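# Geometric and topological summary
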Amino acid sequence: MVSVGPVTRHPNLWPPFTQIGSAAPQQRIQAGQGALLFPEGNGVPLIDAISSWWVTLHGHGHPVLAEAIAQQAHRLEQVIFADFCHEPAERLAERLSQITGLERLFFSDNGSTAVEVAIKMACQWWFNRGEARHQIIAFDGAYHGDTFGAMAVGERNLFSAPFNDKLFPVARVPWPATWWDDDAVDDREQAALDLLETCLERPTAAVILEPLLQGAGGMSMVRPDFLIQVQQRVRRAGALLIADEVLTGFGRCGDWFASRRAGIQPDLMALSKGLTGGCLPMGVTMASERVFEGFLGGEPQDTFWHGHSFTANPLGCAAANASLDLLEAAPERFLSFERRHRRHLEDLASHPRVKRPRLLGTVAAFDLNVEGCSGYLNPAGPTVKRLAMRQGVFLRPLGQVVYLMPPLCITDEQLDKCYLVLRNALDQL
Ligand SMILES: *Cc1c(COP(=O)(O)O)cnc(C)c1O
């Protein structure tokens, strides 16, 4: 057992997703390097096995990202983006347009706003055409962010309960999640597709989904072919398809984007998290030229009246360009990451505490085979977290769902250790 760094509960801070009355106090971290976080004092380094809430793509303290941000900070740190433009933004737009197949880039600040923008664009696109299409369809278990519009399309649950009366109505379709040796997935997929078709009989503005992987909803994965089937039905109904790739983008799912891996082409795509390599907050919404053209015209009401103070922040753009440089220089790091997990997960899959093992790119997940509720509040998750932390691995299970989502830079030895520690924790349950 290792000692952890000093713990603090600062009187002026309000941490996210935390019940202050019962949660363990936060630990102070003084530095990060690669996959490691260094607590203050004599605390032993922790392996950041969840990429600091799924953002840290290349590892902490990456010199290339740090240098790109520093250089940009000396040149131009921020400028109003309505009247002015800059090279880092243009370059980023060209590159993302190339790899997403969506021509237009709209900037915002985080994943939630990138989703908000996509939803607003979809709604206004129909409004501008004078076509009354109001329905939005989303999937059970979805998570799209914590602002109101993003909450509305997300699963209604404990977190959204105080606001449910303020959230616009959304049609819901089951998410036919699957895992290794799942023999009932065909039926679940068919049921979901049937319901989708029924929903699409009503005039629909857009369908929003997290391609291949629902993250916060429990690392739940669907088959590529299901998404192709969804896309066919959405196209037939003439609705727009929004891919929320805030989590799955930039190599997380073993390809540049989950849409690409699944073989679908959305009309709108929300990106954030790994966009800047996880260094700086930034979101973008990619839109097809067809969507963009729906906002052209002489009338003021055709305009997309939306923007943020820090739109296209040059530091964020510089970090994003540097992160793309790193991904382009060594795509095998994300293309072959699944192989690094597979051997370990196959070993672990026979553990009596493990059920529904599943794997996608850098994300390996399973459900804990334990008694109790199946939701976010199952106490087995925090137990695993505590046991792993004591042995130097930072995990943050989602209820009874345990997952690893390390940064691409994690070494083989560090990954071995994650699985060893995880096995030890499961043994002790
Ligand atoms: C994290 C996440 C969001 C919200 O992003 P924030 O930057 O936390 O606002 C939206 N969609 C998905 C799929 C996410 O994983």
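Here's what I pulled together on the structure shown here. (Residues numbered from 1 in each chain as written. Predicted model: local features only at pLDDT ≥ 70, side-chain atom pairs only at ≥ 80, totals over all residues. Heavy atoms only, no water.)

### A word on the packing of aromatic side chains
Following the criterion strictly, the structure yields 13 aromatic pairs and no others. Aromatic pair Trp 125 and Trp 126: ring centres 4.8 Å apart, planes at 80 degrees, arrangement edge-to-face. Here Trp 125 matches Trp 126 in class, with each residue buried. Clustering of aromatic rings is evident, with ring pairs tying together Phe 17, Trp 53 and Phe 159. The ring of Phe 337 has Arg 340 lying over it, and the distance from NZ or CZ to the ring centre is 4.8 Å. (Phe/Tyr/Trp six-rings, centres within 6.5 Å; stacked < 30°, edge-to-face > 60°. Buried < 20%, exposed > 50% of the residue type's maximum accessible area, 1.4 Å probe, protein only. Lys NZ or Arg CZ within 6 Å of the ring centre and 35° of its normal.)

### A short note on the nonpolar core
Formed by 52 residues in total, the largest nonpolar core has its most connected members in Leu 96, Phe 250 and Phe 366. The element contributing the most residues to this core is helix 14 (residues 412–428), with 7 residues. Residues lining this core come from more than one domain, with at least three contributed by each of domain 1 (29–61 + 333–428) and domain 2 (65–329). Dropping the residues within four chain positions of it, Phe 366 is found in contact with Leu 345, Leu 348, Val 354, Lys 355, Arg 356, Pro 357, Arg 358, Gln 400, Val 401, Val 402, Leu 422 and Leu 426. Counting 42 residues, the second largest nonpolar core, distinct from the first, contains Ala 177, Ala 258, Ala 262 and Leu 360. (Core = buried A, V, L, I, M, F, W, Y, C linked by side-chain atoms within 4.5 Å. Helix = DSSP H or I, 4+ residues; strand = E, 2+ residues; numbered from the N terminus. Domains from an automatic or database assignment. Contact = heavy atoms within 4.5 Å.)

### Details of the packing of helix 6 (residues 185–199) against helix 7 (residues 224–236)
Look at helix 6 against helix 7: their axes get within 10 Å of each other, and the N-to-C directions meet at 15 degrees. Between helix 6 and helix 7, the angle is such that the two are roughly parallel. Along this stretch, helix 6 crosses helix 7, giving a crossing that reads as right-handed. From helix 6, Glu 189, Ala 192, Leu 193, Leu 196 and Glu 197 reach across to helix 7, where they touch Phe 226, Gln 229, Val 230, Arg 233 and Arg 236. Its residues placed into classes, the contact of helix 6 with helix 7 shows 5 nonpolar, 1 polar and 4 charged. (Axes fitted to C-alpha atoms, helices over the stretch in contact; angles between N-to-C directions. Parallel < 35°, antiparallel > 145°, perpendicular 65-115°, else oblique. Left-handed = near helix turned anticlockwise from the far one by under 90°. Nonpolar A, V, L, I, M, F, W, Y, C, P; charged D, E, K, R; others polar.)

### Examining the pattern of salt bridges
With the rule as written, the count across this model stands at 20 salt bridges. Between Asp 255 and Arg 260 there is a salt bridge whose closest N-O contact spans 3.6 Å. Residue classification places Arg 260 among the partly exposed residues on the basis of a relative accessible area of 45%. One salt bridge connects Glu 338 with Arg 261, and the closest N-O pair in it is separated by 2.8 Å. Separated by 77 residues along the polypeptide, Glu 338 in helix 12 (residues 337–348) and Arg 261 in helix 8 (residues 258–262) bring together distant segments of the chain. Exposure remark for Arg 261: the relative accessible area of 33% places this residue in the partly exposed category. Salt bridges sharing partners connect three or more residues here, namely Arg 95, Asp 325 and Glu 328. (Salt bridge = Lys/Arg side-chain N within 4 Å of Asp/Glu carboxyl O.)

### Here's the deal with the layout of surface pockets
Within this model, the second largest pocket holds a volume of roughly 620 Å³. Lining the second largest pocket are 22 residues, and of these Arg 104, Leu 105, Phe 106, Met 121 and Phe 292 lie nearest its centre. Of all the secondary structure elements, the ones that give two or more residues to the lining of the second largest pocket are helix 3 (87–100), strand 6 (104–108), strand 14 (283–287) and helix 9 (289–293). No other element matches the 4 residues that strand 6 contributes to the lining of the second largest pocket. Across the lining of the second largest pocket, the residue classes tally to 14 nonpolar, 5 polar and 3 charged. (1 Å grid on protein atoms, 1.4 Å probe; cavity = no way out; pocket = protein on both sides within 12 Å on 5 of 7 lines; lining within 4 Å. Points joined across faces, edges and corners; volume = space filled by probe spheres on them.)

### Regarding the site of the ligand
Trp 54, Asn 110, Gly 111, Ser 112, Tyr 143, His 144, Gly 145, Glu 210, Asp 244, Val 246, Leu 247 and Lys 273 make up every residue found near the ligand. Separating an oxygen atom of the ligand from a side-chain N or O atom of Ser 112 is a distance of 2.6 Å. Bound to the protein, the ligand loses 83% of the 380 Å² it would expose on its own. Taken together, the residues of the shell around the ligand sort by class into 4 nonpolar, 5 polar and 3 charged. (Near = heavy atom within 4 Å. Polar contact = N/O pair within 3.5 Å; in protein donor to acceptor, adjacent residues only side chain to side chain. Areas by Shrake-Rupley, 256 points an atom, 1.4 Å probe, with all protein chains shown as cover.)

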